[in-house]
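The lines below spell out each chain.
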Amino acid sequence: MPVISIVVPCYNEQESLPLFYQRVEEILQEFNRHQATYQWEYWFVNDGSTDDSLKQMQYLHATDPENVHYVSFSRNFGKEAALLAGLKQAQGDYVAVMDVDLQDPPELLPTMIKTLNETDNDVVATKRSDRAGEPWLRSMLSQAFYHVINFISQVKIVPGARDYRLMRRNVVQAIIDMPEYNRFSKGIFSWVGFKTTYLRFPNQDRVAGHTHWSMRQLFSYSMEGIMDYSEVPLAIASWLGGFSFVAAILGMLWIVIRALLFGNPTAGWPSLVAIILMLGGLQLLCLGIVGKYIGRIYLETKHRPQFLIKEKR
Ligand code: UDP
Ligand code: MG
């Protein structure tokens, strides 16, 4: 009898938690009535919530101690860490990753399970077919992000792909085995490969609570994604250097020729100052990019744990 583990990262989700559990139970029980029998277990990860999320988990565990499990972090470590912790705990043959706010519709679960059962796919992933209800600036910026990252990095990320997916055991093992500290799940999912098929669904609104992502956080998240999977920003320095070199040679030639032909002296320190400032600026920019990468190397070499578990049931 295949066991399905459902991994759910939660940060300040006291209202969504019971709704999520109720909805998923309804759907899976209904599905199980008609199909072959499955078992399923939940792994809720409390990512250092400051509200009563942990109490909700304890309550759910008390009502269904066989199937509801949770781990609780010592503080907020971020969604990527919570995902990893959940994947490490999950014992199932199939493992699903879901947001607790019901933006990942549980109605898709039966189709996903059937797909894994009946085809040779290793992963059933999902993507949004639209971005209805999202601020236009946000969708525009995220589209720009997908263009940039797919243009400059080796891993390809499907635009609009959610983290919501059902994976076979071997895929989960591959993801857990990636030891990096800076974890960008969208990149990791794509990097490990395996045969993946995508289901589409229209954008859903949160059932309760509010998003934890500000524009600034989304921006730094995308920058991290780009730096984790591409060395192109590092190459920008050499490109800019080469470009300025050629421009300087051409400029010098032009000045010499002009002096020889017309004999007029080259005037103006303002232009000189402008050029020096521009080059200085470029150098600082490149130094900054290199610094960013060094910072990430520094974090990786410390080998700190990605999360700390305070309580586990
Ligand atoms: N989340 C988390 N740790 C965090 C931020 C978010 O575990 O530091 C969880 C959150 O509880 C939710 C999921 O990650 O289940 C997605 O978060 P959210 O809904 O805020 O993101 P959005 O759907 O707006 O992109
Ligand atoms: Mg959400």
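So, a few notes on the structure that sits alongside this text. Because the structure is a prediction, the values reported are computed rather than measured.

Observations regarding the pairing of strand S5 (residues 123–128)
Most of S5 sits out of view: six of its six residues are buried. Here S5 shows a buried face lined by Val123, Ala125 and Lys127 and a second buried face lined by Val124, Thr126 and Arg128. Direction of pairing for S5 relative to strand S6 (residues 161–168): antiparallel, over a ladder of four bridges. In the strand pairing of S6, Ala125 is matched with Arg165. Sheet topology note: the S5/strand S7 (residues 196–201) ladder contains six bridges and is parallel.

Some details on the site of ligand 1
The environment of ligand 1 is formed by 16 residues, the closest being Glu13, Asp47, Asp101, Gln103 and Thr211. A distance of 2.7 Å separates an oxygen atom of ligand 1 from a polar side-chain atom of Arg206. Within the backbone of His212, a nitrogen or oxygen atom sits 2.8 Å from an oxygen atom of ligand 1. Its free accessible area being 530 Å², ligand 1 has 88% of it covered by the protein chains.

Some points on the packing of aromatic side chains
Summed over the entire model, instances satisfying the criterion amount to eleven aromatic pairs. In this structure an aromatic cluster arises from ring pairing among Phe145, Tyr146, Phe184, Trp213, Tyr221 and Tyr229. Stacked on the ring of Phe77, the Lys or Arg Arg75 has its end atom at 3.9 Å from the ring centre. Sitting above the plane of the Phe189 ring, Arg165 keeps its charged end 4.1 Å from the centroid.

Here's the deal with the sheet that holds strand S4 (residues 94–97)
Across the sheet, which stays open at both edges, the eight strands sit in the order S7-S5-S6-S4-S1-S2-S3-S8 with mixed pairing between neighbours. Strands with a single pairing partner mark the edges of an open sheet, and in this sheet they are S7 and strand S8 (309–312). Neighbour-to-neighbour, the strand axes of this sheet turn through a mean angle of 20°, independent of strand direction. Where strand S3 (residues 68–73) and S8 come together, three bridges link them in antiparallel fashion. Looking at S8, one finds that Ser72 is bridged to Glu311. Helix H2 (residues 53–63) rests against strand S1 (3–10), strand S2 (39–46), S3 and S8 of the sheet, and its axis sits at about 155° to S3.

What counts, and at which threshold
For every chain, the first residue of the written sequence is number 1, and numbering continues from 1 onward in sequence order. All chains are assigned letters beginning at A, and all ligands numbers beginning at 1, according to the order in which they are written. Whole-chain, interface and lining totals are the exception, using all residues; otherwise, since this is a predicted model, local features are given only for residues with pLDDT of at least 70 and side-chain atom pairs are given and counted only at 80 or more. The side-chain numbers reported here are obtained from all heavy atoms of the structure, hydrogens and water having been left aside. Under the scheme applied here, a residue whose accessible area is under 20% of the maximum for its type counts as buried, over 50% as exposed, and between as partly exposed, the area being computed with a 1.4 Å probe on protein chains only. A run of H or I in DSSP counts as a helix once it spans at least four residues, and a run of E counts as a strand once it spans at least two, with each numbered from the N terminus. Pairing between two strands is assigned when DSSP locates at least 2 bridges connecting them. Each residue is tested against the molecule or strand, and it is near if at least one of its non-hydrogen atoms lies within 4 Å. Here a polar contact is taken to be a pair of N or O atoms separated by no more than 3.5 Å, where protein atoms must pair a possible hydrogen donor with a possible acceptor and residues adjacent in sequence count only if both atoms sit in side chains. All accessible areas in this document rest on Shrake-Rupley with a 1.4 Å probe, and a residue is counted as covered only by the protein chains that are shown. In summary, the pairing rule links any two rings of Phe, Tyr or Trp, Trp by its six-membered ring, whose centres are within 6.5 Å, and it sorts them by plane angle into stacked for under 30 degrees, edge-to-face for over 60 and tilted for everything else. Should the NZ of a Lys or the CZ of an Arg lie within 6 Å of a ring centre and within 35 degrees of the ring normal, that charge is described as sitting over the ring. Orientation is described by axes fitted as lines to C-alpha atoms, over the contacting stretch for helices, and by angles from 0 to 180 degrees between their N-to-C directions. What makes two residues a contact is simply this: any of their non-hydrogen atoms within 4.5 Å.

Just distances and angles here, no functional claims.
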